[in-house]
Amino acid sequence: MGEEEKKKGFRVKEDGSIEFLDDKDSKENQNIKEFKEKLNKNSKRKVPIWLWVIIGLVGGALITIGIMQISSSRNSITPMQNTPTSDLVATIDEPLQEEIVKDSVPFPSLTSGDTQTFNVGGVDFSMVYVEGGEFLMGSNDSEAPGNEKPAHKVTLNSYYIGETEVTLGLWQAIMGSTPCEFKGANSPVVNISWDECQIFIEKLNSRTSKKFRLPTEAEWEFAARGGNESRHYQFSGSNSTEDVAWYEENSGGTLHPVKTMQPNELGLYDMSGNVWEMCSDWYDANYYQNSVSTNPTGPTSGDIRVTRGGSWSYSRVCCGTTVRNYYSPNYGENYLGLRLVLLP
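Procedures and definitions
- Residues numbered from 1 in each chain as written.
- Predicted model: local features only at pLDDT ≥ 70, side-chain atom pairs only at ≥ 80, totals over all residues.
- Heavy atoms only, no water.
- Helix = DSSP H or I, 4+ residues; strand = E, 2+ residues; numbered from the N terminus.
- Buried < 20%, exposed > 50% of the residue type's maximum accessible area, 1.4 Å probe, protein only.
- Contact = heavy atoms within 4.5 Å.
- Areas by Shrake-Rupley, 256 points an atom, 1.4 Å probe, with all protein chains shown as cover.
- Axes fitted to C-alpha atoms, helices over the stretch in contact; angles between N-to-C directions.
- Parallel < 35°, antiparallel > 145°, perpendicular 65-115°, else oblique.
- Nonpolar A, V, L, I, M, F, W, Y, C, P; charged D, E, K, R; others polar.
- Salt bridge = Lys/Arg side-chain N within 4 Å of Asp/Glu carboxyl O.
- Core = buried A, V, L, I, M, F, W, Y, C linked by side-chain atoms within 4.5 Å.

1. Looking at the overall build of the chain
Across its full length, the chain holds 9 helices and 13 strands. Counting over 344 residues, the chain shows a buried share of 40%. Counting only contacts in the chain whose residues sit at least 6 apart along the sequence, the fraction spanning at least 24 positions is 66%. When the accessible surface of the chain is summed, it comes to about 19800 Å², and 52% of that surface belongs to carbon and sulfur atoms.

See below:
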């Protein structure tokens, strides 16, 4: 090595090569120069792979925890279809509460006297709700005829019954004909037989998709007495026929439009007087002696049908709520009509 080279120092670089130092690179400057070179290299050095591995593991763990929390929260939610509407009301926005509450309130339960109105062929007719119950059917009065005895307990389910007798207007809307000489759409239809009534009811049911029928004798009497609201009048709604009935002495020899007298306790008109009303039962004078106590429907067979209520051409006594009469199902009279029943 020459003298010049001896004066110079050297250092081994990281790549293994040797770098000679010139005269101005003294030992004091060498460390400073090396320090600067290291700083320069560190500023350009990439992030070590092991650090990226750690960052990836930590990030993956955080994502996994987040997914587990979301899944847990989903599993804790109660399905909507199993949550009562009333429980949901407290969680919704205030402006919607009133509407939801209205929807969540069940349809109000029916009470005796409530009405349901139908329209067929432009003719309105109303049915009155009769809440079921127990009553004493018939009479033990010493002056009562034998076919009203003995008085016996009867229990009935709830039902609707016509607010009035079937009118001529409703009959015409269903049957397309006028069967009687009396005029006026609000007059009770008469001159129709029990058998013709069955045809009328069948057509009415077809038009309305309901199941109307004639009342049983027990349903008729319970309603005429005022049902569970009964005040135990002799006639339907009063102890005076002048208040509630058209009968022989006050009718002027003719029937009258419906709803021209006072109603009974349930809001039913003309249950006493105006026209006799057909029932679905076969007639048997001794039936009360063997009648069933729950929802009786009368004898299983017979030749004549029960009628109830009295009429414009019969005496006052026939308007009593316990009076029983009968007629052949094959023909009609100008004092014989009908009233409908409908199950809830």
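2. A short note on the packing of helix α6 (residues 168-175) against helix α7 (residues 194-208)
The contact between α6 and α7 brings their axes to 9 Å, and the two run at 70°. Judged by the angle between their axes, α6 and α7 are roughly perpendicular. Facing α6, whose interface residues are Leu 170, Trp 171, Ala 173, Ile 174 and Met 175, α7 presents Glu 196, Cys 197, Ile 199, Phe 200, Lys 203, Leu 204 and Arg 207. Class assignment for the residues of the contact of α6 with α7 results in 9 nonpolar, no polar and 3 charged.

3. Re the pattern of salt bridges
Applying the stated criterion across every chain, the model contains 7 salt bridges. Notably, a salt bridge pairs Lys 259 with Glu 163, separated by 3.6 Å at the nearest N-O pair. Taken together, the positions of Lys 259 in the loop between α9 (241-244) and β9 (276-282) and Glu 163 in the loop between β7 (159-162) and α6 put the pair 96 residues apart, joining distant regions of the chain. The salt bridge partner of Glu 277 is Arg 339, with a shortest N-O separation of 2.8 Å. With Glu 277 in strand β9 and Arg 339 in the loop between β12 (336-337) and β13 (341-342), this residue pair connects regions lying 62 residues apart in the sequence.

4. Observations regarding the nonpolar core
Phe 125, Phe 200, Phe 212, Leu 338 and Leu 340 are the most contacted members of the largest nonpolar core, which totals 37 residues. Elements with a contribution of two residues or more to this core: β3 (115-120), β4 (123-130), α6, α7 and β9. Not counting residues up to four positions away in its chain, the partners in contact with Phe 125 are Gln 116, Thr 117, Phe 118, Val 120, Leu 170, Leu 204, Phe 212 and Leu 340. Grouped together as the second largest cluster of nonpolar side chains are 22 residues, Val 128, Trp 220, Phe 222 and Tyr 283 included.

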